[in-house]
Amino acid sequence: MASPRISFVSLGCPKALVDSERILTRLRAEGYEISRKHDGADLVVVNTCGFLDSARDESLNAIGSALSENGRVIVTGCLGAEPEVIRQKHPNVLAITGPQAYESVMAAVHKAAPPAADPFIDLMPPQGIKLTPRHYAYLKISEGCNNRCTFCIIPALRGDLVSRPVGDVLREAEKLVESGVKEVLVISQDTSAYGVDIKYQTSMWREREVRAKFLDLSRELGELGVWVRMHYVYPYPHVDDVIPLMADGKILPYLDIPFQHASPGVLKNMRRPAHAEKAAERIRRWREICPDLAVRSTFIVGFPGETDEDFEMLLDWLDEAKIDRAGCFKYEPVKGARSNDLGLPEVPQEVKEQRWHRFMQRQQKVSALQLKKRVGKRIPVIIDEANGTSGKGRTKYDAPEIDGSVHLTSRRPLRVGDIVTVKIDRSDAYDLYGESVS
Ligand code: SF4
């Protein structure tokens, strides 16, 4: 009997991508074929994002396309937590499951397209299916979040923090490295809170006990001999202990900290954990220990009640903290978020637009100044794209997809996943340019 063919659409953030990889791994393990097109597949699975209105629209459109091109569609992921929204627009979907509902997705797939009798289990690589290029991979260490930021519905969609045992996380990381991954990107909703829910429970790893704690995990990952990058870290006091590992080259000198704002009033209304008071001072001290630390962050402008003064404070803070990379979102009143009910005045759309443009201009200047400091230096670069002797890569200071690139030439042909030394000749607001000297 021929194996059923599943077409898969993965939308949303890196965390959703990891969910997609898990589902795809299970599908391949059970002998399903993965189809590149909806047309001709036995079934389409759409992994949705439900966070912002724009992401919900994208998800609903993807479901619509799958229905018109194939007709047999299962929906999973964050928007799946609101089945009525999906059914209202697309009543003909076969099944809807929520985020991380791997068992329910698989049960729905089994019902709609029963697996072939004799699955070729050995066709699946031991590290599972990766949707990212082979040289880097995301490592999810926990699900959910114990914080209750007022603009965010993730805890309602994904529940409270559930940390994976540290032994499982480290084994997965080891398998990734064995399969050729050169860069591991650690993700979760709140990486520095890792293990709080399981009371930092220990696991046996390489004949010693390791605690499920941010510092211990960072230390062990740092022994794997690959680039290790930390995302979604909140500046809790214990983060200070991880900076020496960065200074020693064990993990990358890179912290992705979603500050969201700098004004204490706005942060209070957002109910942010470990909010940014004195954060600029902390970053300054971290850079004393690890001078080349790069900080990336995301911010929201136009949060209800944000005044001109709050916004100016944010701009000044960007200069002071020297944030290397920043993303900025205009506040959207997400359905179900408590920020809509705080009784705070809404910021008019045109003011949000102006603030967003001013933020981006200011950040561009900060980023350009930070990048200029790298000109003339010789820096390791991981190659993401290669075209003979020219290519595109990233330094330790840049994560894939969200940060900047290094455009380079080389005397020898470049290969994706190689780490080469590049002499940086020039920079602009976001990228670096140079030549491989290794
Ligand atoms: S830390 Fe805040 S913004 Fe991040 S997932 Fe948790 S509640 Fe949402």
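Residues numbered from 1 in each chain as written. Predicted model: local features only at pLDDT ≥ 70, side-chain atom pairs only at ≥ 80, totals over all residues.

Let's talk about the nonpolar core
Move 1: If you look at the biggest cluster of nonpolar residues, it comprises 117 residues, and the most contacted ones within it are Ile6, Val45, Ile74, Val109, Leu139 and Val184.
Move 2: The greatest single-element share of this core, amounting to 6 residues, is contributed by helix H1 (residues 14-29).
Move 3: Sequence-distant contacts of Val45, defined by excluding residues within four places in its chain, comprise Ile6, Phe8, Ile23, Ile74, Thr76, Val105 and Val109. (Core = buried A, V, L, I, M, F, W, Y, C linked by C-beta atoms within 7 Å. Buried ≥ 20, exposed ≤ 12 C-beta atoms within 10 Å, placed from the backbone. Helix = DSSP H or I, 4+ residues; strand = E, 2+ residues; numbered from the N terminus. Contact = placed C-beta atoms within 7 Å.)

Regarding the sheet that holds strand E3 (residues 43-48)
Sheet strands line up and pair through hydrogen bonds in the backbone, either parallel or antiparallel.
Move 1: With respect to topology, 5 strands assemble into an open sheet ordered E2-E1-E3-E4-E5, the strand pairing being parallel. In this open sheet, the two edge strands, each paired with only one partner strand, are strand E2 (33-35) and strand E5 (95-96).
Move 2: Bridge analysis of E3 against strand E4 (residues 73-77) gives 5 bridges, and the strand direction is parallel. Residue Val46 lies in a different strand from E4, and its bridge partner there is Val75.
Move 3: In the packing of helix H2 (residues 53-69) onto the sheet, the strands contacted are strand E1 (5-10), E3 and E4, and the crossing angle to E3 comes to about 175°.
Move 4: This element, helix H4 (residues 102-112), spans E1, E3, E4 and E5 of the sheet and lies at about 175° to E4. (Pairing = 2+ DSSP bridges. Axes fitted to C-alpha atoms, helices over the stretch in contact; angles between N-to-C directions.)

Concerning the domain arrangement of the protein chain
Move 1: In terms of domains, the protein chain is made up of domain 1 (5-123), domain 2 (136-372) and domain 3 (378-436).
Move 2: Taken together, the contacts link 12 residues of domain 1 with 8 residues of domain 2.
Move 3: If you tally residues by element for the side of domain 1 that touches domain 2, the top one is H1, at 4 residues.
Move 4: Here the residues of the side of domain 1 that touches domain 2 are counted per class, giving 8 nonpolar, 2 polar and 2 charged. (Domains from an automatic or database assignment. Nonpolar A, V, L, I, M, F, W, Y, C, P; charged D, E, K, R; others polar.)

Focus on the environment of Trp227
Move 1: With respect to the helices and strands, the residue Trp227 is situated in strand E12 (residues 227-230).
Move 2: The spacing of Trp227 and Ser367 is 140 residues in sequence and 23 Å in space, taken between C-alpha atoms.
Move 3: For Trp227, the residues in contact, after removing those within four places along its chain, are Lys182, Glu183, Leu252, Ile382 and Lys396.

Observations concerning the sheet that holds strand E17 (residues 390-394)
Move 1: Ordered in space as E16-E17-E18-E20-E19, the 5 strands form a closed barrel in which the pairing is mixed. Within this sheet the neighbouring strands show an average axis-to-axis angle of 50°, counted without direction.

Some points on H1
Move 1: With 16 residues, H1 should reach 22 Å at 1.5 Å per residue; the first-to-last C-alpha distance of 22 Å fits that figure.
Move 2: Within H1, 12 of the 16 residues are buried, which leaves it mostly tucked inside the rest of the structure.
Move 3: Taken as a whole, H1 has its buried residues at Pro14, Lys15, Ala16, Leu17, Val18, Asp19, Ser20, Glu21, Ile23, Leu24, Leu27 and Arg28.
Move 4: Immediately downstream of H1, the backbone of Gly31 shows phi near 95°, a positive value. (Expected span 1.5 Å × (residues − 1).)

A closer look at the environment of Pro244
Move 1: Tracing the chain through its elements places Pro244 in helix H8 (residues 243-247).
Move 2: Residue classification places Pro244 among the partly exposed positions, given that 13 C-beta atoms sit within 10 Å.
Move 3: Separated by 89 residues in the primary sequence, Pro244 and Pro333 place their C-alpha atoms 40 Å from one another.

Considerations on the packing of helix H11 (residues 308-321) against helix H12 (residues 349-372)
Move 1: For the pair H11 and H12, interaxial distance at closest approach is 9 Å and the crossing angle is 15°. What the angle tells us is that H11 and H12 run roughly parallel. In terms of crossing hand, the pair formed by H11 and H12 is right-handed. When H11 is examined against H12, the residues Phe311, Leu315, Leu318 and Asp319 are found in contact with a partner set consisting of Arg355, Arg358, Phe359, Arg362, Gln363 and Val366. (Parallel < 35°, antiparallel > 145°, perpendicular 65-115°, else oblique. Left-handed = near helix turned anticlockwise from the far one by under 90°.)

Considerations on H11
Move 1: Its 14 residues give H11 an end-to-end C-alpha distance of 20 Å, which sits within 8% of 20 Å, the value for a rise of 1.5 Å per residue.
Move 2: By the burial criterion, the buried members of H11 are Asp310, Phe311, Leu314, Leu318 and Ala321. Seen from one end, H11 has its buried residues packed into an arc of 100°, which puts them on one side. Opposite the buried face of H11, at more than 90 degrees from it, the exposed residues are Asp308 and Glu309. (Arc of directions from axis to C-beta.)

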